[in-house]
Amino acid sequence: QVQLVESGGGLVQPGGSLRLSCAASGFILDDYAIGWFRQAPGKEREGLLCINLRGTTIYYADSVKGRFTISRDNAKNTLLLQMNSLNPEDTAVYYCAAKRPYCSGLPKGFGYWGQGTQVTVSS
């Protein structure tokens, strides 16, 4: 069984931080480029950033550069998204997704997706 599961979402105040997790089963995350996407109500799914097979992070959304950081925990077959300085515009369902061999900011090329985790930024 091939599966990705996101966790760590919730309600946070503006200016706060969250750390999301993306746990893989049935395949090795380190063998894939892993992207993070988000989708707000009534909007298209937006590509945010992606870590490639070399370990380099590529940013596709200017709005998250300098605030969101990806890291791999290969021992746990898990990928982390550290989200800092959150604002209400960050409110969305966040998804991790996997593809080979290259990163992309478009969702179409990703074959494996998690179920999503809700992030709400509000006072």
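Novice: Explain the state of the cysteines here, please?
Specialist: Here, disulfide denotes a covalent bond that connects the sulfur atoms of two cysteines. Tallied over the entire structure, the rule returns 2 disulfides. Shown here is the disulfide that connects C22 with C96, its sulfur atoms set 2.0 Å apart. Sign of the S-S torsion, about 75 degrees for the bond between C22 and C96, identifies this disulfide as right-handed. Taken together, the residues span a long stretch of sequence, with C22 in strand β3 (residues 18-25) and C96 in strand β9 (residues 92-99) at a distance of 74 residues.

Novice: Hey, could you run me through the packing of aromatic side chains in this one?
Specialist: Here the distance between the centres and the angle between the planes together describe a pair of aromatic rings. The full count for this structure, using the stated rule, is 8 aromatic pairs. Their ring planes at 75 degrees and their centres at 5.1 Å tell us that F27 and Y32 sit as a pair that is edge-to-face. Both residues of the pair, F27 and Y32, belong to the buried class. Each residue in the set F37, Y95, F110 and W113 is aromatic and connected to the rest through ring pairs, giving one cluster. One Lys or Arg, R45, reaches over the ring of W113 and ends 4.6 Å from the middle of that ring.

Novice: Would you explain the pattern of salt bridges in this entry?
Specialist: Where charged atoms from two side chains of opposite charge approach closely, those side chains can pair. Applying the stated criterion across every chain, the model contains 4 salt bridges. Notably, a salt bridge pairs R38 with E46, separated by 3.1 Å at the nearest N-O pair. Taking the relative accessible area as the measure of exposure, E46 reaches 31% and is therefore partly exposed. Of the charged contacts, one joins R38 and D90 as a salt bridge, the two residues approaching to 2.8 Å between their closest N and O atoms. Pair noted here: R38 is in strand β4 (residues 33-39) and D90 is in the loop between β8 (78-83) and β9, with a separation of 52 residues, a long-range link. Grouping residues by exposure puts R38 and D90 together as buried. Because the salt bridges share partners, they merge into one network encompassing R38, E46, R67 and D90.

Novice: Hey, could you run me through unusual backbone geometry in this one?
Specialist: The phi torsion of most residues other than glycine is negative, and most of the peptide bonds are trans. The step from R100 to P101 runs through a cis peptide bond, and the omega angle for that step is -10 degrees. Structurally, P101 can be placed in the loop between β9 and β10 (112-113).

Novice: Whenever I open this one, the sheet that holds β3 confuses me. Can you help?
Specialist: Sheet strands associate in pairs through backbone hydrogen bonding, adopting either a parallel or an antiparallel arrangement. Taken in spatial order, the 4 strands line up as β1-β3-β8-β7 in an open sheet, and their pairing is antiparallel. Looking at which strands have only one partner, the edges of the open sheet turn out to be β1 (3-7) and β7 (68-73). With strand direction ignored, the average angle separating the axes of adjacent strands in the sheet is 20 degrees. As paired elements, β7 and β8 share 6 bridges and run antiparallel to each other. Counterpart to I70 in the pairing with β8 is L81.

Novice: Teacher, can you tell me more about the nonpolar core here?
Specialist: Across soluble globular proteins, nonpolar side chains have a tendency to be buried as a group. L4, W36, F68, L79, L81, M83 and Y94 are the most contacted members of the largest nonpolar core, which has 29 residues in total. Elements with a contribution of two residues or more to this core: β3, β4, β5 (46-51), β7, β8, β9 and β11 (117-121). Non-local contacts of L79, meaning those with residues more than four positions away in its chain, are made with L20, S21, C22, L29, I34, W36, I51, I70, S71 and R72.

The rules behind the values
The numbering scheme is per chain: residues are counted from 1 as the chain's sequence reads. In view of the model being predicted, local features appear only for residues whose pLDDT reaches at least 70, and side-chain atom pairs are presented and counted only at 80 or more, with totals across whole chains, interfaces and linings using the full set of residues. Side-chain calculation: all heavy atoms of the structure are included, whereas hydrogens and water are not. The definition used for a disulfide is geometric: two cysteine sulfur atoms within 2.5 Å. Think of it this way: any DSSP run of H or I at least four residues long counts as a helix, any run of E at least two long counts as a strand, and we number them from the N terminus. Working definition: rings of Phe, Tyr and Trp (its six-membered ring) pair if their centres are within 6.5 Å, and the pair is stacked with planes under 30 degrees apart, edge-to-face with planes over 60 apart, and tilted otherwise. The buried label goes to any residue with under 20% of its type's maximum accessible area, the exposed label to any with over 50%, and the partly exposed label to all in between, with areas taken from a 1.4 Å probe on protein chains only. The criterion for a charge sitting over a ring is simple: Lys NZ or Arg CZ within 6 Å of the ring centre, and within 35 degrees of the ring normal. When a carboxyl oxygen of Asp or Glu lies within 4 Å of a side-chain nitrogen of Lys or Arg, that pair is called a salt bridge. Strand pairing is defined by DSSP finding a minimum of two bridges between the two strands. Convention adopted: a line fitted to C-alpha atoms gives each axis, helices being fitted over their contacting stretch, and angles between N-to-C directions are expressed from 0 to 180 degrees. In this description, a nonpolar core means a group of buried Ala, Val, Leu, Ile, Met, Phe, Trp, Tyr and Cys residues linked to one another through side-chain atoms lying within 4.5 Å. Should any heavy atoms of two residues lie within 4.5 Å, those residues are counted as being in contact.

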